[in-house]
Amino acid sequence: MHRPLASALAATMMLAGCQNPGPTPPRGGYQAPATAYTPTSTELERARGLHEKVVGAGKVYSDAENPAATQYLNAVTARVSAQRPPGAVPVRAFIVKDDDINAFTTGAGYLYFNRGLLKALQNEAQLAMIVGHEIAHVDAGHIARGAAEEARVDLLTGLGAAVLEKYGVGGMAGSLGELGVGLAGKRASAYYSQGAELEADDIGLVYAMRAGYDGIQAASTFRVLSQANGPRGRLADFFASHPNSEGRQRTIAAKAAATGQPAHVGAEAYARMLASLR
């Protein structure tokens, strides 16, 4: 059975070398950046071009298709994004028509959240953690940093092109070659660096809590997703690109608990959003 675009991308990413451990985390964890990474004009153009092709292929919801859910996601994204350093690249969030559990960014401010991910979460604080995590990848320059993994990126570009052709996304396969090292490849390098993931955890949690969200609920996000019901295929893509471990969950929870400050959870509002999501 043909898998949607995000699943195809994630599958090829997994083949691109997901065992890269990355740098050792600093003592005390990572800190939110004082200044955000500034994408180059080339990176902005590449991300914009890839997004236009995704939209053209009908893989994301338009505002008219799911207005309530789209507005809700935009509001949460804006609230979290407001905690970023001055001058950070604007971010835009989109819901992908895919019931697998996944979230990703192509960099330069484009964030994508699968419909399946939204359905698996329990409240707004958990969504804020995922939003903060993906924004952190943008602000820390993880995708651009992944360009150093050029050999694996080259492998992904070829594999990604073949997979995208198979799934009939018109023009997408060719676009990978046009993107040079390939934004999807850069994303894979970032996702499969453990250091980058842990850094995004720390920064994402800081952003969510600064925005007034409950840190304990935010920290529970990965545990909730790991316990989600359904075929393993719905979770495989997410935990391939977001390495899951009990140690990682305990670390995030301990940092959240250290504040001792319960805050906004948003379970009721989140349930209303889910009810509107088609």
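All figures in this text were calculated on a predicted structure; none of them were measured in a lab.

A. Local environment of the packing of aromatic side chains. Tallied over the entire structure, the rule returns four aromatic pairs. Ring centres of Tyr72 and Tyr270 lie 6.0 Å apart, and the angle between their planes is 65°; this geometry places the pair in the edge-to-face category. Taken together, the residues span a long stretch of sequence, with Tyr72 in helix H3 (residues 67-81) and Tyr270 in helix H15 (residues 267-276) at a distance of 198 residues. A residue is classified by how much of its surface remains accessible, and Tyr72, at 13% relative accessible area, is buried. Between Phe104 and Tyr112 the ring centres are 5.1 Å apart and the planes differ by 15°, which places this aromatic pair in the stacked class. Accessibility assignment for this pair places Phe104 and Tyr112 in one class, buried. Three or more aromatic residues joined by ring pairs make a cluster, and in this case those are Phe94, Phe104, Tyr110 and Tyr112. If you follow Arg92 out to its NZ or CZ, it ends over the ring of Tyr110, 4.3 Å from the centre.

B. A look at the sheet that holds strand E2 (residues 103-107). On the basis of which strands lie adjacent, the open sheet formed by three strands has the order E1-E3-E2 and mixed pairing. Strand pairing shows two members of the sheet lacking a second neighbour, strand E1 (92-96) and E2, which therefore form its edges. Adjacent strand axes in the sheet meet at a mean angle of 25° when their direction is disregarded. Summarising the sheet, E2 and strand E3 (residues 110-114) pair through four bridges and their orientation is antiparallel. For Gly107, the partnering residue across the bridge sits in E3 and is Tyr110.

C. Molecular detail of unusual backbone geometry. Unusually for a residue other than glycine, Ala108 sits at a positive phi of about 60°. Structurally, Ala108 can be placed in the loop between E2 and E3. Classification of Ala108 as buried rests on a relative accessible area of 6%.

D. Main features of the environment of Ala144. On the secondary structure map, Ala144 appears in helix H6 (residues 142-145). Residue classification places Ala144 among the partly exposed residues on the basis of a relative accessible area of 23%. Put simply, Ala144 and Thr40 are 104 residues apart on the chain and 9.4 Å apart in space, counted from C-alpha to C-alpha.

E. View of helix H2 (residues 41-56). Between its terminal C-alpha atoms H2 stretches 22 Å, which fits the 22 Å expected from 16 residues at 1.5 Å a residue. Among all positions in H2, only Glu43, Ala47, Leu50, His51 and Val54 are buried. For H2, the angular spread of the buried residues around the axis is 100°, confining them to a single face. Projecting away from the buried face of H2 at angles above 90 degrees are the exposed residues Glu45, Glu52 and Gly56.

Definitions and cut-offs
Residues numbered from 1 in each chain as written. Predicted model: local features only at pLDDT ≥ 70, side-chain atom pairs only at ≥ 80, totals over all residues. Heavy atoms only, no water. Phe/Tyr/Trp six-rings, centres within 6.5 Å; stacked < 30°, edge-to-face > 60°. Helix = DSSP H or I, 4+ residues; strand = E, 2+ residues; numbered from the N terminus. Buried < 20%, exposed > 50% of the residue type's maximum accessible area, 1.4 Å probe, protein only. Lys NZ or Arg CZ within 6 Å of the ring centre and 35° of its normal. Pairing = 2+ DSSP bridges. Axes fitted to C-alpha atoms, helices over the stretch in contact; angles between N-to-C directions. Expected span 1.5 Å × (residues − 1). Arc of directions from axis to C-beta.

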